[in-house]
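Overview (structure and organization)
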Amino acid sequence: MLDADIRNNSVWNYCFFFYMREARREKWKEEVDRAKDAIQKVINNESPWAYLRGVLRKMNSDLRSVEDFVISLSSNEYAEASAQWWRAKLEIAELKGQADQAVAAADRLCKVDQIRLQYWQKKMIAIEAK
């Protein structure tokens, strides 16, 4: 079903429910690749990003494990305008203790994700206060 509509959040949720019950880490790695493929196709689609975070969490990991992938997306023509990409960059910077990069990502999110403007402003203040 995802092949027909990779933006279908309900299908992403179903896949998570279905595949994450399995105890096979090999399948989880396949699901990481599935999410990465979808993100490459539609970089600002929140569903595969959330799926990726969920699968990584299930694997006792986080976005740092796919940092090279996130960096590689900078060549995507839509990356600069993608709130999801900037959010991933912010999370990785925070996890790595890189406050300057996290603040820069939060500042960019203030511009590309106007709906959550106040959230990103507060996030930036919190990062700077650390």
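Check the entry above for the structure.
Summarised in this report is the structure supplied together with it. This one's a predicted model, so the numbers in the text were calculated from it and none came from an experiment.

Quick word on the overall build of the protein chain
A tally of regular secondary structure across the protein chain gives 7 helices and 0 strands. Its helices and strands taken in sequence order, the protein chain reads α-α-α-α-α-α-α from the N to the C terminus. Relative to its length of 130 residues, the protein chain is compact, with a C-alpha radius of gyration of 15 Å against a globular reference of 14 Å. Structurally, the protein chain occupies a C-alpha span of about 40 × 30 × 25 Å along its principal axes. Classification of the 130 residues of the protein chain by burial places 42% in the buried group.

Section: the side chain of Lys 27
Positionally, Lys 27 belongs in helix α2 (residues 25-41). With sequence-adjacent residues up to four places away left out, Lys 27 is seen in contact with Tyr 19, Glu 22 and Arg 34.

Considering helix α6 (residues 99-112)
Spanning 14 residues, α6 covers 20 Å between terminal C-alpha atoms, matching the ideal 20 Å at 1.5 Å per step. Among all positions of α6, only Ala 102, Val 103, Ala 105, Ala 106, Leu 109 and Cys 110 are buried. Down the axis of α6, the sector holding all buried residues measures 160°, keeping them to one side. What points out from α6, more than 90 degrees from its buried face, is the exposed set Asp 100 and Gln 101. Of the surrounding secondary structure, the elements contacted by the buried residues of α6 are α5 (83-95) and α7 (117-129).

Examining the nonpolar core
Among the nonpolar cores identified, the biggest contains 42 residues, and Trp 49, Tyr 51, Leu 52, Val 66, Val 70 and Trp 85 are the most heavily contacted of them. Sort the elements by how many residues they give to this core and α5 lands first, with 7 residues. Excluding residues within four positions of it along the chain, Trp 49 makes contact with Ile 39, Ile 43, Val 70, Leu 73, Gln 84, Trp 85 and Ala 88.

Side note on unusual backbone geometry
Of note in this structure, Asn 60 is not a glycine but carries a positive phi near 60°. Along the chain, Asn 60 falls in the loop between α3 (46-58) and α4 (67-72).

What to know about the packing of aromatic side chains
This structure, assessed with the given rule, holds 6 aromatic pairs. Relative to Phe 18, the ring of Tyr 14 lies with its centre 5.9 Å away and its plane at 20°, an arrangement referred to as stacked. Separated by 4 residues within a single helix, Tyr 14 and Phe 18 lie in helix α1 (residues 9-19), roughly one turn from each other. By relative accessible area, which is 47% here, Tyr 14 ends up partly exposed.

Thoughts on the pattern of salt bridges
By the definition in use, this model includes 12 salt bridges. Look at the salt bridges and you will find they share partners, linking Lys 27, Glu 30, Glu 31 and Arg 34 into a network.

With respect to a nonpolar patch on the surface
Residues Tyr 14, Phe 17 and Phe 18 make up a contiguous nonpolar surface patch of about 330 Å² in total accessible area. Phe 17 gets classed as exposed once you look at its relative accessible area, which sits at 52%.

Some points on the side chain of Glu 31
Tracing the sequence through the fold places Glu 31 in helix α2. Engagement of the side chain of Glu 31 in a polar contact is seen with the side chain of Arg 34, the distance being 2.9 Å. The contacts of Glu 31, once residues within four sequence positions are left out, are Tyr 19, Met 20, Tyr 51 and Val 55.

The rules we used
Residues numbered from 1 in each chain as written. Predicted model: local features only at pLDDT ≥ 70, side-chain atom pairs only at ≥ 80, totals over all residues. Heavy atoms only, no water. Helix = DSSP H or I, 4+ residues; strand = E, 2+ residues; numbered from the N terminus. Rg over C-alpha atoms; globule rule 2.2 N^0.38 Å. Buried < 20%, exposed > 50% of the residue type's maximum accessible area, 1.4 Å probe, protein only. Contact = heavy atoms within 4.5 Å. Expected span 1.5 Å × (residues − 1). Arc of directions from axis to C-beta. Core = buried A, V, L, I, M, F, W, Y, C linked by side-chain atoms within 4.5 Å. Phe/Tyr/Trp six-rings, centres within 6.5 Å; stacked < 30°, edge-to-face > 60°. Salt bridge = Lys/Arg side-chain N within 4 Å of Asp/Glu carboxyl O. Patch = residues over 30% accessible without salt bridge, like charges linked within 9 Å, V, L, I, M, F, W, Y side chains within 5 Å. Areas by Shrake-Rupley, 256 points an atom, 1.4 Å probe, with all protein chains shown as cover. Polar contact = N/O pair within 3.5 Å; in protein donor to acceptor, adjacent residues only side chain to side chain.

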